[in-house]
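Residues per chain are reported as follows:
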Amino acid sequence: MRRTSASLVAGALVATLAWASSPSSPAVALEPSAGVADLSQDINKILSDSRLTIARAGVVVKSAATGEELYATDAGKLLTPASNTKLFTSAAAAETLGLDYRFPTTVLSSGRKAGSVLAGDLVLRGTGDPTMLAEDYDALAAKVAAAGVKVVTGKLVTDDTWFDSQRLGNDWSWDDETAYYAAPISALTASPDRDYDAGSVIVSVAADGDKVKVSTTPETGYLKIVNRATVGSETDVLIERQHNSRTVVITGTVKDPYQEWVAVDDPTAYVASLFRTSLTRHGVKVLGPTVTAAAPAEAKELARHESMTLGELLVPFLKLSNNIHAEILTKAMGRKVANQGTWSAGLKVSTDFAKANGVQVINMRDGSGLSRRDGFSPGSIVQLLTAVRSKPWFNTWYEALPIAGNAERFVGGTLRSRMRNTPAAGNVHAKTGSLTGVTSLSGYVTSAEGEPLIFSIMLNQYLSGSPKDIEDKIAIRLAQFSRATATADATQLRATEQGEAGDLECSWLKPVQC
């Protein structure tokens, strides 16, 4: 077990007590103290970094205790948020769906059962559960067999109509189409792991004598593997699905085992393949073909699986910045509020929630931040973070945010390698965001005097060198903030033990860092 210093434990306790307190009061006009003036001077010095000379930087810091704005630069400017978008999606989902919300996946029969023969169709209906594993579909197949069904004379029908048929976001890059972090969105999907990377398969390679052995997790014949890799003196291999196809081409050399997460082309068809294989394994033979259609109104339920609650899902969603969870929740909100499982309906729910909570500058194009047309101001993010403190679900949501410097993967999340051994470690609860030329960090920190602070840091259009350490320096400085006294020189406020992820967060670098 890693040892934690007494000061960090004490700081974490102070932070917990601070954020368990009542919501913030209206802004109070206070005379600027020496500590506030010193804070502004230090943040300005941190932002004078040469990497930001031609970049755009928006920063807002607010006291949650008094409502006072302690620092602001370009507070109202529209900037690209990257995964800070997930703050809005997750908060709207907690409010709209509720922390107890679950995704059901069901198997239905549309015909008459005579003995062990079902004279009709077998229907698999999904509602978007991103946590479904191959073993869960296998368990559903086992339940069908346990119900006494051995032969289905009709078709295997996959019903994914809970969501619409649009699989990819309008603004997503074409060259992201095969990447697991931009996997197609469907009401029927499957994950290969307990990070719940829905819509993807893990493709692994390893040297086996003088040949390269390829395997998948889960085992599936859905993908067509073209293995052109050879055993070599180093591992330099490319595993890539060809666009708009099921073909995965593997090239390069392999010495040590390596794996890659690959998005499938059609999640519904992939799930149908998994489920049909499981039915066969459990002795259930479906005579007809696989088709996609809505379940008949008269269909009767044979088996059911329900996901974990939304409150539990928030942990892998926010800690690991899972794009697919964000998009599925967006469509789920649209389905609940407008009976339309679409991006447009779901995004309206998110934006309406934000506006109802005082957010003014907002442009949401998707739920995850993968779109470069998403736009928020740092002031709007701070406004959202302020408003949600009064929500009954706030504590669950707050604890689901990444926590700086905590090495536990499902605690520290995308901040687990940042700000270690500083006053921010175990204190800062914040959402990261990364795209090329974009980084953001927004959340909560408790000052040295126990004052709860809310902050948003958005850096756009920098050309080289990751400025994440700039975010860290500001967050550390906020953890050291005292109204009464000045603190260390800003140039000394630097994070220690930086992780290897550099300019990109967990969402983009799973095979290596995650």
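Higher on the page you've got the structure.
The structure presented is a predicted model; accordingly, all values stated were derived computationally and were not measured. (Residues numbered from 1 in each chain as written. Predicted model: local features only at pLDDT ≥ 70, side-chain atom pairs only at ≥ 80, totals over all residues. Heavy atoms only, no water.)

Right, let's talk about the pairing of strand β2 (residues 69-73) for a bit. Looking at chain direction, strand β1 (residues 56-63) and β2 are connected through four bridges and run antiparallel. Along β2, the bridge assignment pairs Val60 with Ala72. Between β1 and β2, which pair antiparallel in sequence order, lie five residues; one of them, Gly67, sits at a positive phi of approximately 80°. (Pairing = 2+ DSSP bridges. Helix = DSSP H or I, 4+ residues; strand = E, 2+ residues; numbered from the N terminus.)

This brings us to the packing of helix α6 (residues 310-319) against helix α7 (residues 323-338). In the contact formed by α6 and α7, the axes pass within 9 Å of each other and the chain directions differ by 145°. In this structure, α6 crosses over α7, and the sense of that crossing is left-handed. Facing α6, whose interface residues are Leu310, Leu313, Pro316 and Phe317, α7 presents His325, Ala326 and Leu329. The residue inventory of the contact of α6 with α7, partitioned by class, reads six nonpolar, one polar and no charged. (Axes fitted to C-alpha atoms, helices over the stretch in contact; angles between N-to-C directions. Left-handed = near helix turned anticlockwise from the far one by under 90°. Contact = heavy atoms within 4.5 Å. Nonpolar A, V, L, I, M, F, W, Y, C, P; charged D, E, K, R; others polar.)

The next subject is the sheet that holds strand β9 (residues 200-208). Reading across from one edge, β10-β9-β15 is the order of the three strands in this open sheet, with antiparallel pairing throughout. This sheet does not close on itself; its edge strands, each paired only once, are β10 (211-217) and β15 (258-263). Each strand of the sheet is rotated relative to its neighbour by a mean of 25°, with strand direction disregarded. Relative to β10, β9 is paired through seven bridges, and the arrangement is antiparallel. Note on β10: the bridge partner recorded for Asp208 is Lys211.

Membership of the largest hydrophobic core comes to 60 residues, with the highest contact counts inside it found for Leu87, Phe88, Leu97, Leu310, Val388, Trp397 and Tyr444. For this core, the secondary structure elements donating two or more residues are α3 (85-96), β15, α6, α7, α8 (343-356), α9 (378-387), α10 (394-400) and β23 (452-460). The residues contacting Val388, other than those within four sequence positions of it, are Ala91, Phe353, Trp393, Phe394, Trp397 and Tyr444. One finds Leu118, Leu156, Val201 and Ala229 within the second-largest nonpolar core, a separate group that totals 37 residues. (Core = buried A, V, L, I, M, F, W, Y, C linked by side-chain atoms within 4.5 Å. Buried < 20%, exposed > 50% of the residue type's maximum accessible area, 1.4 Å probe, protein only.)

A full pass over the atoms with the stated rule returns 23 salt bridges. Among the ionic pairs, Asp352 bridges to Lys348, the shortest N-O distance being 2.7 Å. Of this pair, Asp352 and Lys348 both sit in helix α8, four residues apart, which is roughly one turn of the helix. With relative accessibility at 37%, the residue Asp352 sits in the partly exposed group. The partner of Asp469 in a salt bridge is Lys473, with the nearest N and O atoms 3.9 Å apart. A residue pair is termed a helical-turn pair when its members lie 3 or 4 positions apart in one helix, as Asp469 and Lys473 do in helix α12 (residues 468-479) at four residues. Assessed through its relative accessible area of 11%, Lys473 is described here as buried. What you see here is one network of salt bridges that share partners, running through Asp49, Arg51, Asp469 and Lys473. (Salt bridge = Lys/Arg side-chain N within 4 Å of Asp/Glu carboxyl O.)

If you walk across this open sheet you meet the five strands as β2-β1-β23-β22-β21, and the pairing is antiparallel. Either end of the sheet is taken by a strand with one partner, and the two such strands are β2 and β21 (429-435). Adjacent strand axes in the sheet meet at a mean angle of 5° when their direction is disregarded. Where β21 meets strand β22 (residues 438-446), seven bridges bridge the pair, whose relative direction is antiparallel. The residue of β22 that forms the bridge with His429 is Tyr444. Strand contacts of helix α2 (residues 34-47): β1 and β2, with the helix running at about 25° to β2, the strand carrying the most contacts. Lying on the sheet, α9 is in contact with β1, β22 and β23; it crosses β23 at an angle near 150°.

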